[in-house]
Amino acid sequence: MRLDGFQQWLKDTMGLDASTIGPTLVERAVQRRMTACGRAGLVDYWQLLRDSALEQQELIEAVVVPETWFFRDAQAFATLARHFDPLWAVTHPGERLRLLSLPCSSGEEPYTMVMSLFEAGFPIERLDIDAIDISEQALAKARRGLYGNNSFRGGDLGFRDRHFQAEAGGWQLPASIRARVNFIQGNVLDLGFLPGEARYDAIFCRNLLIYFDEPTQVRTVEILARLLKPEGLLYVGPSEASLLLSRGMTSAQFPMAFAFRKAAPASNPNAGMASGANKYVADKRVASEPTRRAATPLAFTPASPPRASSPSRPKPAPPTLTSTSAKPAPAAATQSSLLDTAQSLADGGRFVEAAAACEAYLQAQGPSVRALYLSGLIHGAMGRDAQAEDHLRKALYLDPCHEEALMHLALLLETRGDAAAGRVLRLRAQRCRTATSR
Ligand SMILES: C[S@@+](CC[C@H](N)C(=O)[O-])C[C@H]1O[C@@H](n2cnc3c(N)ncnc32)[C@H](O)[C@@H]1O
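Reading the values: the criteria
Residues numbered from 1 in each chain as written. Predicted model: local features only at pLDDT ≥ 70, side-chain atom pairs only at ≥ 80, totals over all residues. Heavy atoms only, no water. Helix = DSSP H or I, 4+ residues; strand = E, 2+ residues; numbered from the N terminus. Contact = heavy atoms within 4.5 Å. Areas by Shrake-Rupley, 256 points an atom, 1.4 Å probe, with all protein chains shown as cover. Disulfide = S-S within 2.5 Å. Buried < 20%, exposed > 50% of the residue type's maximum accessible area, 1.4 Å probe, protein only. Near = heavy atom within 4 Å. Polar contact = N/O pair within 3.5 Å; in protein donor to acceptor, adjacent residues only side chain to side chain. Nonpolar A, V, L, I, M, F, W, Y, C, P; charged D, E, K, R; others polar. Axes fitted to C-alpha atoms, helices over the stretch in contact; angles between N-to-C directions. Parallel < 35°, antiparallel > 145°, perpendicular 65-115°, else oblique.

Colleague: With reference to specific residues and values, describe the overall build of the protein chain.
Modeller: Across its full length, the protein chain holds 21 helices and 10 strands. The long-range share in the protein chain, meaning contacts at least 24 apart out of those at least 6 apart in sequence, stands at 71%. Carbon and sulfur atoms make up 54% of the accessible area of the protein chain, which amounts to about 19,800 Å² in all.

Colleague: Could you give me a rundown of the state of the cysteines, with the residues and numbers involved?
Modeller: Using the criterion set out here, one finds one disulfide in the structure. Paired through a disulfide, C401 and C432 show a sulfur-sulfur distance of 2.0 Å. Between C401 and C432, the S-S torsion sits near -75 degrees, and that sign places the bridge as left-handed. Taken together, the positions of C401 in the loop between α19 (385–398) and α20 (403–415) and C432 in helix α21 (residues 419–437) put the pair 31 residues apart, joining distant regions of the chain. Judged by relative accessible area, C432 falls into the buried class, the value being 11%.

Colleague: Before we move on, could you go through the site of the ligand and cite the residues and values that matter?
Modeller: Around the ligand, the surrounding shell holds 19 residues, and the nearest of these are T68, P103, D133, N187 and N207. In the environment of the ligand, a nitrogen atom lies 3.0 Å from a nitrogen or oxygen atom belonging to the side chain of E109. Take R206: an N or O atom from its main chain is 2.9 Å from a nitrogen atom of the ligand. Contact with the protein chains removes 98% of the 600 Å² of surface that the ligand exposes when unbound. When the residues that make up the shell around the ligand are grouped by side-chain class, the tally is eight nonpolar, six polar and five charged.

Colleague: Summarise the packing of helix α1 (residues 3–14) against helix α5 (residues 53–63); cite the residues concerned and give the values.
Modeller: At a minimum axis separation of 11 Å, α1 and α5 run at an interaxial angle of 95 degrees. Comparing their axes, α5 and α1 come out roughly perpendicular. Here F6, W9, L10, T13 and M14 of α1 come into contact with α5, specifically with Q56, L59, I60 and V63. Looking at the contact of α1 with α5 residue by residue, the classes come out as seven nonpolar, two polar and no charged.

Colleague: Would you mind going over the environment of E214 in detail, with residue names and values included?
Modeller: Along the polypeptide, E214 turns up in helix α12 (residues 214–227). Assessed through its relative accessible area of 55%, E214 is described here as exposed. Taking the C-alpha atoms as reference, E214 lies 8.8 Å from L243; in sequence the two are 29 residues apart.

Colleague: Could you give an account of the side chain of S151, with specific residues and numbers?
Modeller: As for its position among the elements, S151 is in the loop between β3 (146–147) and α10 (158–163). For S151, a relative accessible area of 2% gives the class buried. Not counting residues within four places of it along the chain, the set of residues in contact with S151 comprises W69, F70, E108 and K141.

Colleague: Outline unusual backbone geometry, supporting the account with residue identities and numerical values.
Modeller: Here the amide bond leading from L102 into P103 is cis, since omega sits at 5 degrees, within 30 degrees of zero. Mapped onto the secondary structure, P103 falls in the loop between β1 (97–101) and α8 (108–119). Although it is not a glycine, S105 adopts a positive phi angle of roughly 50 degrees. For S105, a relative accessible area of 8% translates into the label buried. Of note, L194 is a non-glycine position whose phi angle comes to about 35 degrees, a positive value.

Right under this line is the structure:
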């Protein structure tokens, strides 16, 4: 019995492609479990594994990567809460909002969904979130709702004071938030996984596909597409976006949120034959049309019904940049608030003003990874591929392992037909990931 047999078992059972986390991590996990069970060699341990469902779960627990935190890739949650705002509840009387977090790990992601919707004024008693993960250990932590410092990352931790109670062992979420989430142990690759059809208004499947090989990714995306309502939103992780485009999904045009929709059925029969890359380009052009930008930012695909903005939704009014030309920063605003302004303008679909704010920031401050990356995304959303590429490359010059910049640039080059260059960047991202996880 060789180690490959265990790697193959993990791939067949849970989809894990050992090369994504490094074969040595699998080797170490097997060694650890062998020792814990008092088995002398691989053959002996293999027999145990084959016969014991309990040990199978233990080995799975030993290889999963439960890394997660509250408000990870915060724009995903901001756009979710803007899309399903209080007006949605009014215009969908008697309906409940159904969301899926898969994989949910230790619960930070689904709980962030609840907090985001609650803070945006959504009536959370009409919210149901299914949260699924293969790891029993992660789910036990999720159900408990008690979190340590590692779950709180980034600068803005105001949500922690607003929602959590400090306790001896960490920060405790109240029952009112926990009750909105239904945690379920499950393996997305099980044949009977969530039978039935489109039931979810939005699905978060972030940072799972990166651990799968391509056939397993394709299979998983098909399952997700089956579970998503026709108008639903599918969120993935920054490194997973290009896969969705190649599987017939279309970008939802939410900068830095990595959200997708099912592509609308094409009226022209030939249009249905377009590659995912072409769809992406077409989608970006729609977003760059002035009339569409002037509309409410959430009406980003032809299939979306027009949405009025909600009168009751508490929404911070972003400062308006009236000119599209680059300007020095307003005296009152700090430089970093200018970048925050650029971000909110971009989130609101006001790409021209957002690009101008980034440019003003760069002129005042000189090169900055965040500004260059944001500017790259904004130009990309406007269909200005050359400028997008230029800014993303500059961001990578300053930070060669900036994963999101690597992935966006890869996507941009691939949609332009340069698959080889895209692949080089993806491999670089993978190397960077491996280096930081050591
Ligand atoms: C990196 S976490 C992602 C958590 C969260 N979605 C996020 O982005 O922060 C990956 C999770 O995938 C889970 N997982 C791995 N394979 C799975 C499978 N086949 N079915 C369901 N969950 C799986 C692991 O247990 C782990 O908790």
